[in-house]
Amino acid sequence: MNILLTNDDGIYADGLWALHEKLVSRHVVTVVAPDRERSAVGHGITLHQPLRTTKITVNNGCQGYAVNGTPVDCIKIGLMEILGMKPDMVISGINAGANMGDDVLYSGTVAAAMEGRFLGFPAIAVSLVAAQRPAHFETAAKVTLALLERLKAVSLAAETILNVNVPDLPF
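Residues numbered from 1 in each chain as written. Predicted model: local features only at pLDDT ≥ 70, side-chain atom pairs only at ≥ 80, totals over all residues. Heavy atoms only, no water.

Colleague: Is there a simple way to think about the pairing of strand β1 (residues 2-6) in this case?
Modeller: It is a general feature of regular strands that their side chains alternate between the two faces of the sheet. The element β1 is extensively covered by neighbouring structure, given that 5 of its 5 residues are classed as buried. On β1, burial covers both faces: Asn2, Leu4 and Thr6 on one face and Ile3 and Leu5 on the other are all buried. As paired elements, β1 and strand β2 (residues 28-34) share 4 bridges and run parallel to each other. From the neighbouring strand, Leu4 faces β2, where its bridge partner is Thr30. Each parallel crossover has a hand, and for β1 linked through helix α1 (residues 14-23) to β2 it is right-handed. Both β1 and strand β5 (residues 89-96) contribute to a ladder of 4 bridges, which runs parallel. Each bridged residue has a counterpart across the sheet, and for Thr6 the counterpart in β5 is Ser92. (Buried < 20%, exposed > 50% of the residue type's maximum accessible area, 1.4 Å probe, protein only. Helix = DSSP H or I, 4+ residues; strand = E, 2+ residues; numbered from the N terminus. Pairing = 2+ DSSP bridges. Right-handed = clockwise from strand over helix to strand, strands pointing away.)

Colleague: Looking at this structure, how should I read a nonpolar patch on the surface?
Modeller: A contiguous nonpolar surface patch, about 310 Å² in accessible area, is contributed by Met80, Phe118 and Leu119. Take Phe118: it is sitting in helix α4 (residues 108-118). (Patch = residues over 30% accessible without salt bridge, like charges linked within 9 Å, V, L, I, M, F, W, Y side chains within 5 Å. Areas by Shrake-Rupley, 256 points an atom, 1.4 Å probe, with all protein chains shown as cover. Salt bridge = Lys/Arg side-chain N within 4 Å of Asp/Glu carboxyl O.)

Colleague: Explanation requested: the side chain of Asn99 in the structure shown.
Modeller: Counting through the fold element by element, Asn99 comes out in the loop between β5 and α3 (103-106). Its relative accessible area of 5% is what places Asn99 among the buried residues. Those residues in contact with Asn99, other than ones at most four positions away along the chain, are Val104, Ser107, Thr109, Val110, Ser127, Asn163 and Asn165. (Contact = heavy atoms within 4.5 Å.)

Colleague: Would you mind going over the packing of helix α2 (residues 71-82) against α4 with me for this structure?
Modeller: Axes are the key here: two packed helices are described by the angle between their axes and the distance separating the axes. Put simply, α2 and α4 touch, their axes get as near as 8 Å, and they point 30° apart. On the basis of their axis angle, the class for α2 and α4 is roughly parallel. The interaxial crossing formed by α2 with α4 has right-handed handedness. The segment α2 lies against α4, with Pro71, Val72, Ile75 and Lys76 engaging Gly108, Ala111, Ala112, Glu115 and Gly116. Here the residues of the contact of α2 with α4 are counted per class, giving 5 nonpolar, 2 polar and 2 charged. (Axes fitted to C-alpha atoms, helices over the stretch in contact; angles between N-to-C directions. Parallel < 35°, antiparallel > 145°, perpendicular 65-115°, else oblique. Left-handed = near helix turned anticlockwise from the far one by under 90°. Nonpolar A, V, L, I, M, F, W, Y, C, P; charged D, E, K, R; others polar.)

Colleague: Mind showing me how you'd approach the sheet that holds strand β3 (residues 53-58) here?
Modeller: Backbone-to-backbone hydrogen bonds pair the strands of a sheet. The strands run either parallel or antiparallel. Read from one edge of the open sheet, 7 strands run β3-β4-β2-β1-β5-β6-β7, paired in mixed fashion. In this open sheet, the two edge strands, each paired with only one partner strand, are β3 and β7 (161-167). Mean inter-strand twist for the sheet, computed between neighbouring axes without regard to direction, equals 25°. The sheet contact formed by β5 and strand β6 (residues 123-129) spans 5 bridges and is parallel.

Colleague: Explain α4 to me, please; I cannot follow it from the model alone.
Modeller: Residue pairs spaced three or four apart in an α-helix point in one direction, given the helix's 3.6 residues per turn. Among the 11 residues of α4, 8 are classified as buried, and the element is accordingly described as predominantly covered. Buried within α4 are the following residues: Gly108, Thr109, Val110, Ala111, Ala112, Ala113, Glu115 and Gly116. For α4, the elements touching its buried residues are β1, α2, β5, α3, β6 and β7. Among the residues trailing α4, Gly120 stands out with phi positive, at a value near 100°.

Colleague: Please explain the pattern of salt bridges as it appears in this structure.
Modeller: Here the idea is simple: oppositely charged side chains can pair when their charged atoms come close. Across all of its chains, the model carries 5 salt bridges by this definition. The partner of Glu138 in a salt bridge is Lys22, with the nearest N and O atoms 2.9 Å apart. Taken together, the positions of Glu138 in helix α5 (residues 137-153) and Lys22 in helix α1 put the pair 116 residues apart, joining distant regions of the chain. With a shortest N-O distance of 2.8 Å, Asp35 and Arg36 are connected by a salt bridge. On the basis of relative accessible area, Asp35 is assigned to the partly exposed category, the value being 29%.

So, to be careful, I would describe these as geometric facts and stop short of saying anything about function.
This is how it looks when you write it as structure tokens:
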């Protein structure tokens, strides 16, 4: 599967790279994420300043693109400028904290997945439900990979978004 991966916690966030590490073992993954933390920006886009993209290397050679905009900007730039082909899936996460109830209205994590959906691609928002500092990103990464394996048998329609909240517990 060809996956466009983003988040709202920023390009250096532990959750993003934990998910990347798990997904890249079986899928082609392109990371396009905000250059800094952008939580609770909702579906905002950048209008009055130029958007800049910087290719970066983190985690012993993993590459991604840092964008000086919102998570939604990252999806737009990823789809229109960076990816050479259409993705099979847009994934946003792993968010450090829950995205349930009213939180989904403000969440940059959920908004990025929704933008993928608005642009015609199936999408998943993944969050780790933690009371304090999240500790088990590996659990949410494993759950996401297992979900993708199940979706191979049952295709997720392009007009669908899944909002997945995983408890912060060992797998």
